[in-house]
Amino acid sequence: MKKIFSILSIFILVLGYSQKIPAVNKTIFSKEALAEKMQDENGNSISVKDILDQYKGKVIVIDFWASWCKDCLLAIPKSNELAEKNPNIQFLYFSLERNKEAFDRSIERFNMKEKENFWFSSGWKNSFNDYIELNWIPRFMVIDQTSNIAKYYAISPEDPDIQTTIDKLIKPNSN
């Protein structure tokens, strides 16, 4: 009986902490979310809005990750493949490392120096992550050419909806 209770307890614990799919697929960011500050690799503070504005007119894929996240590390090769398959798409890497030193080490260690990396210096709990209901990583989002959310929720770069969304956004308007 103790063994069954232990297994049941572990199962309930795992379910309680597993990734929860957001109930609503948001299509725009709130002003508060866009105002959230991040840091670039040089330690400069920049808002999410300013990051997205740099790439207005382009389709963006945001990859939320951290080096302490095993699933994130397993996703890196597939994320790289997705980027290689879509050379005209801007990939942004939003790190949830615990400190700047870990952020610097992780982008060096995982050969990400040539990528666009930003770090949530405010930690996991902030206006942006709260707004998008970030409760687990890895997570991927596709942002359209006007900085609206085209694909709100994906947990793997292999999610076929990511590529489908990209294809719809870059397909010339046939009207």
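This report concerns the structure included in the present document. Note that the structure is predicted; figures quoted are calculated from it, not measured.

Parameters at a glance
- Residues numbered from 1 in each chain as written.
- Predicted model: local features only at pLDDT ≥ 70, side-chain atom pairs only at ≥ 80, totals over all residues.
- Heavy atoms only, no water.
- Helix = DSSP H or I, 4+ residues; strand = E, 2+ residues; numbered from the N terminus.
- Buried < 20%, exposed > 50% of the residue type's maximum accessible area, 1.4 Å probe, protein only.
- Arc of directions from axis to C-beta.
- Contact = heavy atoms within 4.5 Å.
- Phe/Tyr/Trp six-rings, centres within 6.5 Å; stacked < 30°, edge-to-face > 60°.

1. Re the environment of I107
For step 1, the next point in the chain: Looking at the element boundaries, I107 is found in helix 5 (residues 100–109).
For step 2, the next point in the chain: When the C-alpha atoms of I107 and A66 are compared, they prove to be 9.6 Å apart, with 41 residues separating the residues in sequence.

2. Thoughts on helix 5
For step 1, the next point in the chain: Those residues of helix 5 lying buried are K100, A102, F103, S106 and I107. The arc that holds the buried residues of helix 5, viewed along the axis, is 160 degrees, so those residues lie on one side. Across helix 5 from its buried face, at more than 90 degrees, point the exposed residues R105 and R109.
For step 2, the next point in the chain: For helix 5, the elements touching its buried residues are strand 1 (37–40), strand 3 (60–65), strand 4 (90–95) and strand 5 (116–119).

3. Observations concerning the packing of aromatic side chains
For step 1, the next point in the chain: Tallied over the entire structure, the rule returns 10 aromatic pairs.
For step 2, the next point in the chain: Ring geometry for F94 versus F128: centroids 6.1 Å apart, planes at 65 degrees, classification edge-to-face. Of this pair, F94 sits in strand 4 while F128 sits in helix 6 (residues 127–131), placing them 34 residues apart in sequence. Both residues of the pair, F94 and F128, count as buried.
For step 3, the next point in the chain: Ring geometry for F120 versus F128: centroids 6.1 Å apart, planes at 25 degrees, classification stacked. Assigned by exposure class, F120 and F128 land together as buried.

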